[in-house]
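Structural overview
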Amino acid sequence: MDGMSCTLSPLVYAELYRLLATDNRRRDTLEERLAEIEYDHTWLRTAAEAYDEYWVAQRKCTGVDSVSDVALESPEHALLATWILAGLRTTGDDRELGNELAKNVLTRALNEVPDLKTPLPPDLSPVIIGWTLGRVIGVPPYEWPVAPAVLPDDVNLKSAFAGLVNHVILLEGMAEPWPEMMQTSTYWRGYGIAEALKPEIGEGGSAVLELLRESRPLLSQHLVSQLNRHFSRFGSRRNALSHVTDDSRRERFVDVVASTQGWEDLRMTMLGMTQFVCQEISRLLYDAEDPPPALRNDPWAYLAREISTEWLT
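Only a predicted model underlies this, so the values are computations on that prediction, with no experimental measurement involved. (Residues numbered from 1 in each chain as written. Predicted model: local features only at pLDDT ≥ 70, side-chain atom pairs only at ≥ 80, totals over all residues. Heavy atoms only, no water.)

1. Comments concerning the pairing of strand 1 (residues 126–129)
- In strand 1, alternate side chains face the same way, and those of P126 and I128 on one face and V127 and I129 on the other are all buried.
- Across 4 bridges, the pairing between strand 1 and strand 2 (residues 132–136) is antiparallel. Bridge pairing in strand 2 places V127 opposite G134.
- The turn linking strand 1 back onto strand 2 is made up of 2 residues, and G130 within it adopts a positive phi angle of 60°. (Buried < 20%, exposed > 50% of the residue type's maximum accessible area, 1.4 Å probe, protein only. Helix = DSSP H or I, 4+ residues; strand = E, 2+ residues; numbered from the N terminus. Pairing = 2+ DSSP bridges.)

Written as structure tokens, this is what we have:
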């Protein structure tokens, strides 16, 4: 799972909780979610201020070469943020919030860290996908893959998704055109991930359709259309790649290879699989009767101690 941890800068959490604190449209939903861990809405501003104070204090002794040293290692920071975000999965598309978060972090980081340039390091590159917090870990200038804050418990699914992520990162570091088998293998792995996400369905093509159906309330119509267009042919292309001989029931092998070359096809596969995994993470957190064990018994009590600025003053 190397590289799949979601360690983020305190600046990310400061801006995330500030955005949530001022989100009047989702205020009632946020209040209900926070009440499950016995917090009220004012906690969002408290958390934002605490993370901001820690960022500012650390920034004074941080430069462009050490800015990532400030990233918070404890996974509970990302877990708590994602658990709160999962409570908002009934409120529609998350991309607006995610884009605003990334924009605010970018603006502040460039203004507050001398000589810092784009692209920002992963700990300063947050995304919200499927109401799950993550960080961009792709090779610049690629915007994918993403490491989610948490992964589903199934060890096979974890390993399969990590393998896909590491494979795509490897491709990003290579010059195009990429070797055909290295690019088209993402169809086999993507098909397997879909099956693992929906084991009760038992077949990858039907699993992809169900994952697409579940994604619609969480995405803009534009993204829904893009994913539908890409994944409507996913199963048949995977079969064409597995069975090389011409068959009138499917696309020809050579045509599939020709039409799936390059970054755009790989990007859509990675976008879709990340969406499917992340929406499953938030669904599991949303449907659970209780918060994860790490978030019981006042998680902020120990997270706040980790970002205390008393020892820095």
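2. Section: the packing of helix 7 (residues 180–197) against helix 8 (residues 204–215)
- Where helix 7 meets helix 8, the closest approach of the two axes is 8 Å, and the angle between their N-to-C directions is 70°. Taken together, the axes of helix 7 and helix 8 are roughly perpendicular relative to one another. When helix 7 is examined against helix 8, the residues Y191, A194, E195 and L197 are found in contact with a partner set consisting of G204, G205, A207, V208 and L211.
- Broken down by class, the residue content of the contact of helix 7 with helix 8 amounts to 6 nonpolar, 2 polar and 1 charged. (Axes fitted to C-alpha atoms, helices over the stretch in contact; angles between N-to-C directions. Parallel < 35°, antiparallel > 145°, perpendicular 65-115°, else oblique. Contact = heavy atoms within 4.5 Å. Nonpolar A, V, L, I, M, F, W, Y, C, P; charged D, E, K, R; others polar.)

3. Topic: the packing of aromatic side chains
- Counting across every chain of the model gives 10 aromatic pairs.
- What links up through ring pairs into an aromatic cluster is the set Y13, Y17, Y39, W43, Y51 and W300.
- We note R33 situated over the ring of W83; from NZ or CZ to the ring centre the distance is 3.8 Å.
- Here the guanidinium or amino end of R238 rests over the ring plane of Y191, the centre of that ring lying 4.1 Å away. (Phe/Tyr/Trp six-rings, centres within 6.5 Å; stacked < 30°, edge-to-face > 60°. Lys NZ or Arg CZ within 6 Å of the ring centre and 35° of its normal.)

4. What to know about helix 12 (residues 263–287)
- Counted at 1.5 Å a residue, the expected span for helix 12 with its 25 residues is 36 Å, and the 35 Å between its end C-alpha atoms agrees.
- Within helix 12, 20 of the 25 residues are buried, leaving the element largely enclosed by the surrounding structure. (Expected span 1.5 Å × (residues − 1).)

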